[in-house]
Amino acid sequence: MRRSFLALATLSLLGIVFVPAKGQETRPNILIIVTDDQRAGGASYSVMPKTMQLFRSEGSHFTRGFTTTPTCCPARSSIFSGKYAHNTGVRMNSHGANLNLSRTIQAVLKGQGYQTALSGKYLNEVDGAPPHFDHYAKLSALAGKGGEPGYFDVPFLLTGRSEEQIISQYSTTFIGEQAVGFLDEFEASDETPWFMYVAPLAPHRPYEPEARYASAPVPPFRANAAFLESDLSDKPAYILRPGFHKPRSYARSVRATQLRMLMSVDDQVDAIFSKMTALQEENTLAFFLSDNGLLWGEHGIVNKLVPYRESIRVPLFMRWPGHIGVGTRTDIAATIDLAPTIYDALGLSPYTTDGRSLLAPTGRTRILIEQWQAVPDWSGSWRPGSMYVELSTGEREFYNLVGDPQQLRNLLGNRRNDDDPRIVPRFSRLLRGDRSCAGATCP
């Protein structure tokens, strides 16, 4: 894709060294690793030293990385397609069949001659072989049907099989080993590039760490001001529902167990990259991210689905040795950006995406977050310094993130008008347009 001299100069200043694919002898391999319910931040990263070495020390770290819908299936559909949930039609976990699979990374790359593979979680409640993947070890689609597949004695659908097979091995380890095996499969046609999507269930519930990490030490817990927030009178009514809140002991237990589960993910990321090194697969554009975050007791909640930073902020890393710079990037990035980034790297424009290529500064001033699952529908606009949210109940939230980064004081929910921001009507108009945006009109 053509870039102006000014754009190239800007990229150089940011340390991004992008070489257009059309000038390369070979197309890059593509690797996406997606965890489940991993929140962004220090504790989550500290238990994954090998992953952080690969992606944080040797790639780009997007410190303003977002999920555009903090729910499993809608978020993954946005990763596959590069589109907001209101354009994929996948608004809830039960809507996976609505995704237009012909407009996904796997379909486009397979159509370009790539070898393709999936290891791990696909889309909730979507049974059968995952289309456009040559190789797969697909985790059971039970999640969302009243049960969770878990981590031991888990059903997987393996390449070419008509029936799921129960795997007794710890599922995170099995998913990693299958991914390593797919790399060997790719090596048989080494001249052909590959795309692999690796998606462990971890650290999603049920919270079951691998035996060797069951008692592993984790970073000490330090409660912030939002932890078990006592005054929720400014929050929407659904936040106050009985049963929506969890006790301190549960929140701390979930945190510790999730961190231990991520230790197993770290091992498997390391195994995958060790195999890639052995096979000399250096020309690989790789991403590491989560589909959404999770609250660990902030505002009394242990959940996602809510428009609070621990739910909507996600780990988001990218590496492509020799092609992108190493370091921190503060431009706003999101789950909808992976597909357009991959297409940009290959010089393709197969369909219109809502996201933006991460091979250049995104230029965003805001990002749309939207949600339809299990709580009142809401949509929100996050921008540096503020978060504005509208709920289907008519309730609204506005947080000044400069003075209140933990979203303790909803300026539109405190029964006062004298402190309401004057810019709210403008934000409301922008949000109304964002909710129906498509392509270039999207934030």
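Residues numbered from 1 in each chain as written. Predicted model: local features only at pLDDT ≥ 70, side-chain atom pairs only at ≥ 80, totals over all residues. Heavy atoms only, no water.

**Points about the pattern of salt bridges**
- Under the definition given, this model contains 20 salt bridges.
- Note that Asp419 is salt-bridged to Arg409, the shortest N-O span being 2.9 Å. Taken together, the residues Asp419 in the loop between strand 16 (396-400) and helix 11 (424-434) and Arg409 in the loop between strand 16 and helix 11 connect sequence positions ten residues apart.
- Through salt bridges that share partners, Asp36, Arg76, Lys121 and Asp291 make up one connected network. (Salt bridge = Lys/Arg side-chain N within 4 Å of Asp/Glu carboxyl O. Helix = DSSP H or I, 4+ residues; strand = E, 2+ residues; numbered from the N terminus.)

**With respect to the confidence of the model for the protein chain**
- The predicted model of the protein chain averages 93 in pLDDT, with 93% of residues at 70 or higher.
- Across residues 1-25, where pLDDT falls below 50, the model places 43 contacts with residues more than four positions away in sequence or in other chains. (pLDDT = per-residue confidence, 0-100. Contact = heavy atoms within 4.5 Å.)

**Focus on the sheet that holds strand 16**
- Read from one edge of the open sheet, four strands run 13-14-15-16, paired in antiparallel fashion. Single-partner strands in this sheet number two, and they are strand 13 (367-371) and strand 16. Strand-to-strand, the axes of this sheet are offset by a mean angle of 15 degrees, without reference to chain direction.
- Judged from the six bridges that link them, strand 14 (residues 378-383) and strand 15 (residues 386-391) form a sheet pairing that is antiparallel. (Pairing = 2+ DSSP bridges. Axes fitted to C-alpha atoms, helices over the stretch in contact; angles between N-to-C directions.)

**Digging into helix 10 (residues 338-346)**
- For helix 10, a buried count of nine out of nine residues is recorded, marking the element as mostly surrounded by other parts of the structure.
- Of the positions making up helix 10, those classed as buried are Leu338, Ala339, Pro340, Thr341, Ile342, Tyr343, Asp344, Ala345 and Leu346.
- Packed against the buried residues of helix 10 are strand 1 (29-35), helix 4 (72-81), helix 6 (105-111), strand 9 (284-290), strand 10 (316-319) and strand 12 (333-334).
- At the C-terminal side of helix 10, Gly347 shows a positive phi close to 70 degrees. (Buried < 20%, exposed > 50% of the residue type's maximum accessible area, 1.4 Å probe, protein only.)

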